[in-house]
Amino acid sequence: MNEDPSGDVWVAEQPPARVDVDGKLISLGQLETTWRSRIHFRPLLVRVLHKSRLRYYGKPEKKMDMPYQAYFEVADGSGMMSMVLWNSLCPEWYNSINVGTVLLLEQYAVKDSYPFKTQPTPRDSQMKRFTTIEISLNVRNPPTKISIISEEMVKPEWGLPEVKYRFVTRTELDDLPNNHSCDVIGLVTFVGRVERTRKKEDGEDFWLYRWAHAIDGTSDKPFILEIFATSQPDVFERIHPMTYLVCTQMRVVRDLSENPSHTIYLTTSNESQIFITGWHKGQPYTKDTKVKNFIQWTRTQSEANQMRKTVIGGYYPFPRPPNNFLKYCKNNKVESVLKAIGELGEEIEGLHYREHKRIAIQGIISAIRYIGCSSAAEDASGVEPVQVQHLRIHSAAKRTLHKSYQEEINDAPETEEMTRTCSSWQSDLWAQVKDKLMKYLHHSMIFPESIPCKFDYMYKDLLMQQYNLHAAVHQPKETRIDKNISEFKSTGGFGYYEVTVLGINHDVAIDVAFLPLFGHEDPHLFPVEEVENDPLLSCMSCISSCQQATGNGTFCDVFSLSSKTDEIVKAAMDLDSKHVVCILDVCHLGDDKVEVFLSKIYKTVEADVPDPV
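Cut-offs applied
Residues numbered from 1 in each chain as written. Predicted model: local features only at pLDDT ≥ 70, side-chain atom pairs only at ≥ 80, totals over all residues. Heavy atoms only, no water. Helix = DSSP H or I, 4+ residues; strand = E, 2+ residues; numbered from the N terminus. Buried < 20%, exposed > 50% of the residue type's maximum accessible area, 1.4 Å probe, protein only. Contact = heavy atoms within 4.5 Å. Areas by Shrake-Rupley, 256 points an atom, 1.4 Å probe, with all protein chains shown as cover. Core = buried A, V, L, I, M, F, W, Y, C linked by side-chain atoms within 4.5 Å. Phe/Tyr/Trp six-rings, centres within 6.5 Å; stacked < 30°, edge-to-face > 60°. Lys NZ or Arg CZ within 6 Å of the ring centre and 35° of its normal. Arc of directions from axis to C-beta. pLDDT = per-residue confidence, 0-100. Patch = residues over 30% accessible without salt bridge, like charges linked within 9 Å, V, L, I, M, F, W, Y side chains within 5 Å. Salt bridge = Lys/Arg side-chain N within 4 Å of Asp/Glu carboxyl O. Lys, Arg positive; Asp, Glu negative; His and termini not counted. Charge placed at Lys NZ, Arg CZ, Asp CG, Glu CD. Polar contact = N/O pair within 3.5 Å; in protein donor to acceptor, adjacent residues only side chain to side chain. Pairing = 2+ DSSP bridges.

If you check an unreviewed UniProt entry, the protein appears there as RPA1 related single stranded DNA binding protein, X-linked from Chrysolophus pictus.

A.B. asks: What exactly am I supposed to notice about the overall build of the protein here?
C.D. replies: Along the protein, the regular secondary structure elements total 17 helices and 27 strands. Out of the 613 residues in the protein, the part that is buried amounts to 55%. Of the contacts made within the protein by residues no fewer than 6 positions apart, 73% connect residues no fewer than 24 positions apart. When the accessible surface of the protein is summed, it comes to about 29,000 Å², and 50% of that surface belongs to carbon and sulfur atoms.

A.B. asks: It is not clear to me how the environment of Arg-18 should be interpreted in this structure. Could you clarify?
C.D. replies: With respect to the helices and strands, the residue Arg-18 is situated in the segment before helix H1 (28–34). In this structure Arg-18 comes out as exposed when scored by relative accessible area, which is 86%. Considering only alpha carbons, one finds Arg-18 and Ser-150, 132 residues apart in sequence, at a separation of 9.0 Å.

A.B. asks: What exactly am I supposed to notice about the nonpolar core here?
C.D. replies: One recurring pattern in soluble globular proteins: nonpolar side chains tend to sit buried together. Ranked by internal contacts, the top residues of the largest apolar core, which has 35 residues, are Ile-365 and Leu-536. No other element matches the five residues that strand S18 (residues 356–371) contributes to this core. When neighbours within four sequence positions are excluded, Leu-536 is seen to be in contact with Ile-365, Ile-368, Ile-568, Ala-571, Ala-572, Leu-575 and Ile-601. Core analysis: the second largest hydrophobic core is formed by 33 residues, Leu-208, Met-307, Cys-453 and Phe-455 among them.

A.B. asks: It is not clear to me how the packing of aromatic side chains should be interpreted in this structure. Could you clarify?
C.D. replies: Each aromatic ring pair is described using two quantities: the centre-to-centre distance and the angle formed by the ring planes. Considering all chains together, one arrives at 26 aromatic pairs under this definition. Ring centres of Trp-207 and Phe-228 lie 6.5 Å apart, and the angle between their planes is 80°; on these two criteria the pair is classed as edge-to-face. Taken together, the residues span a long stretch of sequence, with Trp-207 in strand S11 (residues 206–215) and Phe-228 in strand S12 (residues 223–228) at a distance of 21 residues. The class for Phe-228 is buried, based on a relative accessible area of 15%. Through a chain of ring-to-ring contacts, three or more aromatic side chains come together here, namely Phe-190, Trp-211, Tyr-265, Tyr-316 and Phe-318. When the ring centre of Trp-207 is taken as reference, the NZ or CZ atom of Lys-199 above it lies at 4.3 Å. Stacked on the ring of Phe-236, the Lys or Arg Arg-210 has its end atom at 5.6 Å from the ring centre.

A.B. asks: What's the story with helix H16 (residues 565–574) in this structure? I'm lost.
C.D. replies: Every α-helical turn comprises 3.6 residues, leaving residues that sit three or four positions apart pointing alike. Along H16, the positions that sit buried rather than exposed are Thr-565, Ile-568, Val-569, Ala-571 and Ala-572. Buried residues of H16, seen end-on, are gathered within an arc of 165° and therefore sit on one face of the element.

A.B. asks: Where do I start with the confidence of the model for the protein in this structure?
C.D. replies: In low-pLDDT segments, the atomic positions of the prediction should not be examined closely. In the predicted model, the protein carries a mean pLDDT of 82, and 77% of its residues have values of at least 70. For the protein, the element scoring lowest by mean pLDDT is helix H12 (residues 401–410), at 34; strand S15 (residues 274–275) scores highest, at 98. Counting contacts from residues 382–395, a segment whose pLDDT is below 50, to residues more than four positions away or on other chains yields 47 contacts. In the predicted structure, residues 407–421 sits below a pLDDT of 50 and forms 23 contacts with residues beyond four places in sequence or in another chain.

A.B. asks: Can you walk me through a positive patch on the surface in this structure?
C.D. replies: On the surface, a cluster of positive charge is made up of Arg-55, Lys-59, Lys-62 and Lys-200. Mapped onto the elements, Lys-59 comes out in the loop between strand S2 (55–56) and strand S3 (68–76).

A.B. asks: How should the pattern of salt bridges be read in this particular structure?
C.D. replies: In a structure, side chains of opposite charge can pair up when their charged atoms sit close to one another. Counted according to the given criterion, the structure contains 21 salt bridges. With its nearest N and O atoms 3.2 Å apart, the salt bridge here joins Asp-112 to Arg-36. Of this pair, Asp-112 sits in strand S6 (residues 109–112) while Arg-36 sits in the loop between H1 and strand S1 (44–51); the two residues are 76 residues apart in sequence, bridging distant segments of the chain. For Glu-151, the salt bridge identified is with Arg-47, shortest N-O distance 3.1 Å. A residue pair is termed long-range when its members are at least 10 positions apart, and Glu-151 in the loop between strand S8 (145–149) and helix H3 (170–173) and Arg-47 in strand S1 qualify at 104 residues. The class for Arg-47 is buried, based on a relative accessible area of 3%. Each of Arg-47, Glu-151 and Glu-162 takes part in a single network of salt bridges with overlapping partners.

A.B. asks: It is not clear to me how the side chain of Thr-267 should be interpreted in this structure. Could you clarify?
C.D. replies: Of note, Thr-267 is situated in strand S14 (residues 265–268). Side-chain polar atoms of Thr-267 contact the side chain of Glu-226, separated by 2.9 Å. Residues in contact with Thr-267, not counting those within four places in the same chain, are Glu-226, Phe-228, Met-250, Arg-251 and Val-253.

A.B. asks: Teacher, can you tell me more about unusual backbone geometry here?
C.D. replies: A negative phi angle characterises most non-glycine residues, just as the trans form characterises most peptide bonds. Look at the link from Asn-141 to Pro-142: it is a cis peptide, with omega at -10°. Cis rather than trans, the peptide bond between Phe-318 and Pro-319 has omega equal to -5°. Counting through the fold element by element, Pro-319 comes out in the loop between strand S16 (311–312) and helix H8 (325–329). Positive phi values are uncommon outside glycine, yet Gln-107 reaches one of about 60°. Positionally, Gln-107 belongs in the loop between strand S5 (102–106) and S6. For Gln-107, a relative accessible area of 44% gives the class partly exposed.

A.B. asks: Whenever I open this one, the pairing of strand S26 (residues 580–590) confuses me. Can you help?
C.D. replies: Moving residue by residue along a regular strand, the side chains alternate between the two faces of the sheet. Counting buried positions along S26 gives eleven out of eleven residues, so the element sits mostly inside the fold. Looking at chain direction, S26 and strand S27 (residues 593–603) are connected through ten bridges and run antiparallel. What sits directly across from Leu-584, in S27, is Leu-598. In sequence, S26 turns back onto S27 through a hairpin of two residues, with Asp-591 there showing a positive phi of about 55°.

What follows is the structure in structure tokens.
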């Protein structure tokens with residue numbers, strides 16, 4: 001990540017300076033009104049109120065040693081102004097200039113402000129903002145002198161403003177409008193793997209992000225947090241369950257045209273900062289009343305009880321695609337959104353490591369196969385599952401899947417193989433065409449990285465390493481823990497579905513996976529309501545389970561065929577031979593591992609996608 005200040009060139013911390021600040025200073029207000037008439041400017045004494053992530057602006061055709069830039073918002077008693085740190089000053093000072101830091105600035109430049117930069121939401125509505133100019137700090141023209149003043153040396157008569165926050169509780173979040181800016185604190189109950197998404201569709205630059213859930217005791221529901229890398233790699237890579245997480249300058253994302261309670265989450269902005277346990281000391285927010293209230297709540301909680309709810313990693317199907325396909329397409333041309341099944345192979349081959357894409361394909365749901373927990377475990381280990389017993393229910397058949405299954409196992413030997421039985425449905429159309437396909441893509445394999453794990457403190461470092469990107473620095477073997485990720489307890493254990501989507505011309509097909517993630521004891525981690533308007537996926541999500549002992553003395557959740565099977569078959573038959581649009585979540589997990597999960601099904605009538613002539 002070019003935006004991360006990683007490597008020996010980045011100074012970890014600059015010491016405070018011993019300087020006399022009682023000399024002649026200029027205020028930001030005076031600077032704005034007089035800067036055009038001056039060549040040299042008197043020193044500025046300011047406090048940092050906001051800090052942006054680093055911006056790397058290097059290009060292959062331009063040779064620059066340190067093409068970095070970072071924005072800060074600084075303030076004194078007269079108001080707030082933008083300050084820009086340029087080029088080689090970034091490695092020298094970026095890690096040391098933080099929210100709350102007091103700076104003495106000498107030999108700086110003043111320029112007209114850049115009109116297109118992002119603006120943080122001011123936490124003090126009474127503070128004046130100077131938006132026409134910005135302070136420019138560079139290594140030359142002129143060579144800026146930066147001094148950090150320790151907090152103990154700050155005098156009240158300097159009139160520097162305190163850092164203010166807008167912390168909200170989870171209960172208050174439900175009433176906030178879209179794009180509202182706020183700060184949150186919570187106990188992490190889930191953190192997802194690190195993934196990447198392209199900044200531009202055809203570009204080679206990526207955003208790095210991960211999802212997290214945090215609770216604060218004011219609601220049964222968690223904060224759902226989309227956390228993009230904030231140029232704080234040491235914090236971003238160490239987010240784990242049971243840590244206290246603070247996220248500042250977060251933006252509310254909600255779609256009021258959908259069910260508002262299902263879709264609300266928070267995403268980072270350019271000025272967001274994140275902090276976890278171990279990084280809170282000395283931060284200005286520790287004085288905030290809501291932060292103190294949260295700490296009081298944590299003291300009333302049982303650690304063992306909260307640990308039971310913790311999850312790390314795996315495929316995370318959020319945010320769900322909208323109910324309406326036109327809304328899904330609103331920022332894209334349908335021609336570029338919809339991919340032909342035959343093109344998917346090339347699309348998947350073009351993925352970079354941990355790159356995530358959401359792709360729409362048009363086709364026909366033609367077969368569904370449930371793969372129970374034993375087979376799923378073998379699939380996840382990258383080994384082909386043992387030969388499974390197949391049961392085909394044609395769309396014209398009237399008998400139930402449950403009854404047929406009982407008939408079939410009566411003839412089978414009573415061995416552990418029974419837990420590996422697969423239950424299947426296929427359409428008559430699929431039976432006719434499956435042996436005549438020109439291309440058949442198989443992408444229903446699941447992997448250890450696909451399955452959410454129970455968090456285990458003993459193996460915290462291994463789990464964090466597993467769900468981050470490959471280590472930037474070589475890790476000697478003796479410091480690594482010899483334990484395979486597939487050995488950790490998964491959160492569901494139900495198994496998964498293989499869904500076959502046939503091309504609309506009946507000559508190509510693809511197998512994709514659908515993972516029911518709704519068996520966790522925390523119902524808010526993967527809420528079933530998110531797929532409730534999608535009959536087939538809703539039925540497949542709501543499978544019930546019972547625990548069955550396996551040969552090694554452990555327990556495995558086994559699919560209960562009696563509850564939802566008829567509904568699954570009925571929902572599948574309702575789509576028999578009908579053109580649908582399927583939304584796929586695709587992620588490259590490294591090596592030759594690519595997961596392809598089915599996330600949403602739109603009927604073409606609902607999607608308003610014209611059937612091809």
